[in-house]
Amino acid sequence: MIIIGEKINGTIPSVKNAIAERDEEFIRNLALKQTEAGAHYLDVCASTAPEVEVETLIWLMNLVQDTVDTPLCIDSPNAAVIKEVFKYARRPGLINSVSEEGNKCEVIFPLLEGTEWQVIALTCDNKGIPSDIETRVKITGNIVEKAQKYGITPERIHIDPLVLALSADNKSLLNFTETLRRVKELYPTIKVTSGLSNISFGMPLRKIVNQGFLTIALYAGMDSAILDPANRDMMATLMATEALLGRDRLCRNFSNAFRKNKIGPIKQ
């Protein structure tokens, strides 16, 4: 599975403080830890006041790229900000994100034309996050059609069906997996992703809920996820599930990770 490291995000209090204090060592450490734990992309989100978001995001991007070679996942709710900082990325990565809200597709897709960049696409529009599966699938189709005008094929798109908190919607996981199934019927090569921890907002034992969601979503066909690759229990769950699904020949990846002390109890 494609792992998008979630930890360099200004919504996390410790990261917010590090950004405010321009603590380079703290950010470098997060980049290194996530890369060493197996992240394929590093999400970089400033989450600051709008007037300083571009400056802050450029600082974060340069700092991470000076530290590791892991491709960036440039993350901002403002498409204009992404357009402004895009040129500071040194290699193709992920854009997080587009949707049917406003003119996001029209701003972002021209940047990706003729490149190897991939993009996360959220199934929401100007009315917000739809509660029904049909609208989410329709939004997916609209985004795919817009992307095709710029030569962006479905395999470069990571659709995020926007799993809602289980505490607010008891069918959240079921709606996610059904949306995934229907989207893949229409576009077999498209990728499906998720912000993994959204499912457990407002619940106790969030780690257990997240691990359960990861297992079921992987079985349903989820291709990528925004998660903490340095979370040993989460990575053990991911690797065990992939072994159980026959994706790990002779369980070598799982066994090697255990021997290298990357999963399981920390060996002294």
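Right above here is the structure, for reference.
The paragraphs below set out a description of the structure included in this document. (Residues numbered from 1 in each chain as written. Predicted model: local features only at pLDDT ≥ 70, side-chain atom pairs only at ≥ 80, totals over all residues. Heavy atoms only, no water.)

A few words now on the overall build of the protein. Of regular secondary structure, the protein possesses 10 helices and eight strands. Counting the 268 residues in the protein, one finds 51% classified as buried. Pairs at least 24 residues apart make up 68% of the contacts formed inside the protein by residues separated by at least 6 positions. For the protein, the exposed surface amounts to about 12900 Å²; the carbon and sulfur share of it is 53%. Of note, the protein has its 31 positive side-chain charges centred 6 Å away from the centre of its 33 negative side-chain charges. (Helix = DSSP H or I, 4+ residues; strand = E, 2+ residues; numbered from the N terminus. Buried < 20%, exposed > 50% of the residue type's maximum accessible area, 1.4 Å probe, protein only. Contact = heavy atoms within 4.5 Å. Areas by Shrake-Rupley, 256 points an atom, 1.4 Å probe, with all protein chains shown as cover. Lys, Arg positive; Asp, Glu negative; His and termini not counted. Charge placed at Lys NZ, Arg CZ, Asp CG, Glu CD.)

Right, let's talk about the packing of aromatic side chains for a bit. Two numbers describe a pair of aromatic rings. These are the distance of the centres and the angle of the planes. Tallying each qualifying case throughout the model produces three aromatic pairs. Their ring planes at 45 degrees and their centres at 4.8 Å tell us that Phe86 and Trp117 sit as a pair that is tilted. Residue Phe86 is located in the loop between helix H4 (79-85) and strand S4 (94-100), and its partner Trp117 is located in the loop between helix H5 (104-112) and strand S5 (118-125); the two are separated by 31 residues in the primary sequence. There is no split in this pair, since Phe86 and Trp117 are both buried. Pairing Phe176 with Phe213 gives two aromatic rings, centres 5.3 Å apart and planes at 75 degrees, and the pair type is edge-to-face. Residue Phe176 is found in helix H7 (residues 172-186), and its partner Phe213 is found in helix H8 (residues 206-220); the two are separated by 37 residues along the sequence. When sorted by exposure, Phe176 lands in the same class as Phe213, which is buried. A cation sits over an aromatic face here: Arg22 above Trp59, 4.7 Å from the ring centre. Seen from the ring of Phe258, Lys267 lies directly overhead, with NZ or CZ sitting 4.1 Å from the centre. (Phe/Tyr/Trp six-rings, centres within 6.5 Å; stacked < 30°, edge-to-face > 60°. Lys NZ or Arg CZ within 6 Å of the ring centre and 35° of its normal.)

Moving on, we come to a positive patch on the surface. A contiguous patch of positive charge, built from Arg259, Lys260, Lys262 and Lys267, is present on the exposed surface. Looking at where Lys262 falls in the secondary structure, it is placed in the segment after helix H10 (252-259). Here Lys262 falls in the partly exposed class, since its relative accessible area comes to 45%. (Patch = residues over 30% accessible without salt bridge, like charges linked within 9 Å, V, L, I, M, F, W, Y side chains within 5 Å. Salt bridge = Lys/Arg side-chain N within 4 Å of Asp/Glu carboxyl O.)

Turning our attention to the pairing of S4. Most of S4 is tucked away: seven of the seven residues are buried. Handedness of the crossover joining strand S3 (residues 72-75) and S4 through H4: right-handed. Direction of pairing for S4 relative to S5: parallel, over a ladder of five bridges. Bridge assignment links Val98 to a residue of S5, and that residue is Ala121. A crossover connection joins S4 to the parallel S5 through H5; in handedness this β-α-β unit is right-handed. (Right-handed = clockwise from strand over helix to strand, strands pointing away. Pairing = 2+ DSSP bridges.)

Before going further, it helps to spend a moment on the sheet that holds strand S2 (residues 41-45). The eight strands are arranged S7-S6-S5-S4-S3-S2-S1-S8 in an open sheet whose pairing can be described as parallel. Edge positions in the sheet fall to strand S7 (191-192) and strand S8 (224-227), since each of these pairs with one other strand and no more. Strand direction decides the pairing type here: strand S1 (residues 2-9) and S8, joined by four bridges, are parallel. When the sheet's bridge partners are listed, Gly5 is paired in S8 with Leu227. Docked against the sheet, helix H3 (residues 50-67) engages S1, S2 and S3, running at close to 155 degrees with respect to S2. (Axes fitted to C-alpha atoms, helices over the stretch in contact; angles between N-to-C directions.)

Moving on to the pattern of salt bridges. Summed over the entire model, instances satisfying the criterion amount to 11 salt bridges. Between Glu100 and Lys146 there is a salt bridge, with its nearest N and O atoms 2.6 Å apart. Of this pair, Glu100 sits in strand S4 while Lys146 is found in helix H6 (residues 133-148), placing the two residues 46 residues apart along the sequence. Assessed through its relative accessible area of 22%, Lys146 is described here as partly exposed. Between Glu101 and Lys104 there is a salt bridge, and its shortest N-O distance comes to 3.4 Å. Taking relative accessible area as the criterion, Lys104 reaches 13% and is therefore assigned buried.

Turning our attention to the side chain of His158. By secondary structure assignment, the location of His158 is in strand S6 (residues 157-160). Here His158 falls in the buried class, since its relative accessible area comes to 0%.

Their axes nearest at 10 Å, the elements H8 and helix H9 (residues 232-244) cross at an angle of 25 degrees. Classified by the angle their axes make, H8 and H9 are roughly parallel. Like other packed secondary-structure pairs, H8 and H9 cross with a definite hand, here right-handed. Within the contact between the two elements, H8 uses Lys207, Asn210, Gln211, Leu214, Thr215 and Leu218 and H9 uses Asp233, Met234, Thr237, Leu238 and Thr241. Here the residues of the contact of H8 with H9 sort into four nonpolar, five polar and two charged. (Parallel < 35°, antiparallel > 145°, perpendicular 65-115°, else oblique. Left-handed = near helix turned anticlockwise from the far one by under 90°. Nonpolar A, V, L, I, M, F, W, Y, C, P; charged D, E, K, R; others polar.)

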